[in-house]
Each structure stands twice: as C-alpha cells, then as structure tokens.
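Tertiary structure, described
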Protein chains: 2
Amino acid sequence: MSTTEQISGASIGRLPLYLRELTELSDKGVATVSSEALAEASGVQSALLRRDLSQFGSYGTRGVGYNVQQLRRAILRIIGGTRVRRVIIVGAGNLGQALVRHAGFADLNFKVVGLVDVAPELVGTEVNGVVVTHPDRMIETIRSTGAELAVVATPASAAQEVVDLALEAGITSVLNMAPVALHVPADVAVRNVDFAQELQILSYHQARRRVVEHA
Amino acid sequence: MSTTEQISGASIGRLPLYLRELTELSDKGVATVSSEALAEASGVQSALLRRDLSQFGSYGTRGVGYNVQQLRRAILRIIGGTRVRRVIIVGAGNLGQALVRHAGFADLNFKVVGLVDVAPELVGTEVNGVVVTHPDRMIETIRSTGAELAVVATPASAAQEVVDLALEAGITSVLNMAPVALHVPADVAVRNVDFAQELQILSYHQARRRVVEHA
C-alpha cells in the first residue's frame with residue numbers, strides 16, 4: 001500500500017464482506033441496518049466494522065442504523081465496482097472452470113473475457129460461453145479483450161511464465177492460486193490464494209487444540 | 001487466537017510459505033539457505049521472515065544461513081504437519097474436484113477421506129479414488145473416517161447447513177469457500193477463501209491505479 005492510501009489494507013479486505021451482505025439486504029428491500037446486525041452477518045466484530053466504515057464518511061444515523069443503499073453505493077465506489085472489470089483466467093482445469101462458472105462474479109461487475117489452457121483437448125472448447133485459447137495467443141487475447149485482471153489457476157511450474165506473458169500484455173493485477181510465490185514489479189498487485197496454506201493454518205489450530213485437550 | 005498463543009496469527013500464515021520453499025530446497029539437496037534467499041523465494045520481506053523465525057528459536061547461523069532440514073522440521077512440528085490430518089470435502093462440483101485432486105495436499109500430510117455432494121449423478125462415483133457420498137451420510141462418514149478438517153465448497157445457500165452437520169460430527173476446523181459468513185462456536189477455527197472478495201480487492205487497486213495514471 002502506498003503512503004497516500006487513506007484506507008488500510010485490512011479494511012479494504014473487509015469491504016467486500018459488507019458489500020455482500022448489503023446487496024442481500026438491498027435485494028430483500030431492507031432500507032436500514034444496525035452496525036451490530038451488519039457486523040454479525042458479515043462475520044466481523046461490530047467495533048471493527050464501525051471503525052472501517054468511519055474511514056470513508058459515515059452513512060449511519062444513531063438509533064436508526066446505516067442506510068443500506070447509500071452504504072452499498074459508497075463501498076462499490078471505493079472498490080471500483082461501479083465499472084465492469086474484465087478478467088482473464090489462465091488454466092482451464094477444475095479450478096479454472098469453477099472460476100469461470102462462479103455465480104457471484106457477474107453481480108460484482110467482473111466479466112470473464114478469456115480462458116487460457118495449454119491442453120490440446122481444451123483449446124477451442126467453450127466453458128460457460130468463454131472459448132479456451134492457447135497461451136501462444138494470450139497476449140493477443142488480453143489486448144483484444146481489454147482484460148485488466150488475470151487469475152492464475154495453473155500448476156506451480158507454469159505460473160511465473162504465464163504471469164510474465166500477462167504482464168507483457170498490460171495486466172496490472174493478478175490473483176494467484178498456484179502454490180508458488182510470483183515475482184512481479186512493485187506496481188503490480190498480487191493476491192495469493194493457497195489452499196494448502198489455509199489447511200496448514202487450520203492444522204496449526206488442530207495441533208494446539210490437541211495440546212489443550214490433553215493438558 | 002488465544003492469549004496463550006506464542007506465535008502471531010500473521011506469522012502462522014507465513015510459515016506454510018517458508019515450508020514450501022524449504023521442501024523444494026530439501027528436495028534439491030540444498031543444506032543451508034540465507035534469510036534473504038528464503039525470503040525472496042517465499043515472497044516475504046527478509047526482516048519479516050527473520051522476525052517470524054526468531055519467535056520459535058533460531059535455526060540460523062550468522063554468515064552461513066538457516067539449516068534447511070532443521071528449519072523445515074521445526075516448522076512442520078509447529079503447524080502440526082508431522083501427523084496425517086484427514087479432510088472431508090463438501091461439494092463435488094468443479095471446485096471440490098479441484099481440491100480432491102490438489103497435488104500438494106498429500107505431500108503436506110493431508111488426506112482427503114471423504115467427498116460429499118447432494119447431486120444424484122455424483123453420489124457413488126469416484127473422484128481421485130474418493131467415493132462421493134450423500135450429505136445424509138455425512139455425520140457417519142466423518143465419524144468413520146476420523147476427519148478433522150472440513151472444506152466447504154458448496155453454494156452459499158447450502159454452506160451453513162453443511163457446517164452444522166460437520167460440527168455435530170465432531171469437526172473443529174473449517175475451510176470455507178462458499179461466499180457467506182459461517183456462524184460457528186468460538187472454539188471452531190474457520191478460514192475463509194472468497195474468490196470474489198479477492199477480485200474486489202484487486203479491483204480497488206485497479207481503481208486507484210487509474211486515478212494515479214490520470215492525475
């Protein structure tokens with residue numbers, strides 16, 4: 001995060017959680033929500049939620065709660081969700097296909113415009129209306145579709161090569177699901193999702209739990 | 001995290017990254033590694049790595065670096081990776097199937113012992129040697145296999161119900177990939193992976209980037 005950033009990285013990470021619940025409330029026609037109810041539904045402590053939301057102006061009225069529509073629009077504006085962002089997914093295995101079919105992306109203004117895989121039996125096929133193209137054509141695909149975000153769902157061994165190509169084509173944000181650390185210039189944003197890492201963190205909790213149980 | 005915890009949650013989250021690189025070095029027969037090289041390969045700042053590792057005793061020698069084998073074993077011990085942990089995956093769609101086939105789990109002593117789905121065409125089939133069972137039999141499956149960790153790869157609408165069943169069967173750690181906040185007792189560990197949330201965080205970076213570019 002640059003020093004000019006007004007909102008902390010951790011707060012930014014929680015805004016999508018609030019947005020998810022606010023969208024559900026909005027769909028149900030709910031006009032206002034208390035900080036406690038929104039925090040509970042989002043799985044966040046209410047003091048933390050109030051601190052997060054106070055960073056970008058208050059949309060709450062004491063005794064009434066937050067205006068659902070206003071707060072929802074404010075969060076959308078901050079995370080740039082008011083314009084469509086085009087996404088290219090690299091790797092059309094089970095994980096890549098799960099992502100192409102992700103029901104929530106379209107609601108959030110993400111549009112999958114490309115799906116890339118090296119497997120000859122996949123190239124040319126369609127997944128959820130998106131044609132699979134070969135990595136040889138990735139730069140062309142990114143440029144012609146105007147993709148801004150790349151999702152890496154390849155094996156670890158292919159990830160860096162794929163990302164280098166994507167950056168060459170102008171991608172500046174990467175969601176990396178390959179279990180490997182990517183090396184990118186400082187101005188490229190990378191988020192890593194590593195399933196094995198998550199299981200290991202849970203394993204640590206399990207190991208501590210045993211110690212406590214047996215103490 | 002409880003107050004008796006000696007190691008911070010953020011540090012715990014980075015240990016799997018160090019472990020991944022140490023395992024690779026070990027496989028290559030490398031005996032020692034500098035903190036700078038290990039940090040670079042793990043995608044972590046080297047000062048942060050040194051602080052993380054100093055929390056549980058030093059395995060480094062000035063001018064020589066860390067002993068790869070010793071440090072690897074120490075991290076495995078801390079995250080409980082020295083014993084097999086049985087995992088049940090709920091949801092056998094693309095995401096669940098990607099997880100069952102995850103190449104890295106076995107190396108890390110995770111064993112997928114169950115796969116659960118409600119779809120009649122999936123129940124009874126095998127994915128990577130694991131038979132798909134119906135949620136009606138989930139409690140039985142968890143108890144008979146000794147599963148400790150549950151991975152939720154269902155649609156959001158099914159997630160809470162599935163988790164309630166898993167907890168009833170004795171599960172105490174949950175990896176949640178459904179885009180919904182789960183409600184669990186305080187002694188249950190939950191890690192959330194939400195692809196849409198990750199894309200939104202990147203979208204925030206993209207939005208800021210535009211502002212800077214146009215400033």
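For the structure given in this document, a descriptive report is provided here. (Residues numbered from 1 in each chain as written. Chains lettered and ligands numbered in written order. Predicted model: local features only at pLDDT ≥ 70, side-chain atom pairs only at ≥ 80, totals over all residues. Heavy atoms only, no water.)

A word on the relation of the copies chain A and chain B
Placing chain A over chain B gives an RMSD of 0.0 Å and needs a rotation angle of 180°, together with 0.0 Å of translation along the axis. The transformation just described matches what one would write down for a two-fold rotation axis. Closest approach to the rotation axis within chain A is made by the C-alpha atom of N94 of chain A, at a distance of 2.4 Å. A symmetric contact is evident, with 100% of the interface residues of chain A recurring at the interface of chain B. (Least-squares fit on C-alpha atoms with pLDDT ≥ 70 in both. Contact = heavy atoms within 4.5 Å.)

Here's the deal with the sheet that holds strand 4 (residues 85-90) of chain A
Residue and element names in this part refer to chain A. Taken in spatial order, the seven strands of this open sheet run 6-7-5-4-8-9-10, and their pairing is mixed. Single-partner strands in this sheet number two, and they are strand 6 (126-127) and strand 10 (189-192). Taken together, the four bridges between strand 4 and strand 8 (residues 149-152) define a ladder with parallel strand orientation. In the strand pairing of strand 8, V90 is matched with V152. Taken strand by strand, helix 7 (residues 138-145) contacts strand 4, strand 5 (110-116) and strand 7 (130-133), and its axis lies near 165° from that of strand 4. Contacting strand 4, strand 8 and strand 9 (173-176), helix 8 (residues 156-168) runs over the sheet at an angle of about 170° to strand 8. (Pairing = 2+ DSSP bridges. Helix = DSSP H or I, 4+ residues; strand = E, 2+ residues; numbered from the N terminus. Axes fitted to C-alpha atoms, helices over the stretch in contact; angles between N-to-C directions.)

Considering helix 7 of chain A
All names here are of chain A. Among the residues making up helix 7, those that are buried are M138, I139, T141 and I142. Buried positions in helix 7, seen along its axis, are confined to an arc of 165° and lie on one side of it. Counted as exposed and oriented over 90 degrees from the buried face of helix 7: R143 and S144. Lining the buried residues of helix 7 we find strand 4, strand 5, strand 7 and helix 8. Looking at the residues trailing helix 7, positive phi occurs at G146, about 70°. (Buried < 20%, exposed > 50% of the residue type's maximum accessible area, 1.4 Å probe, protein only. Arc of directions from axis to C-beta.)

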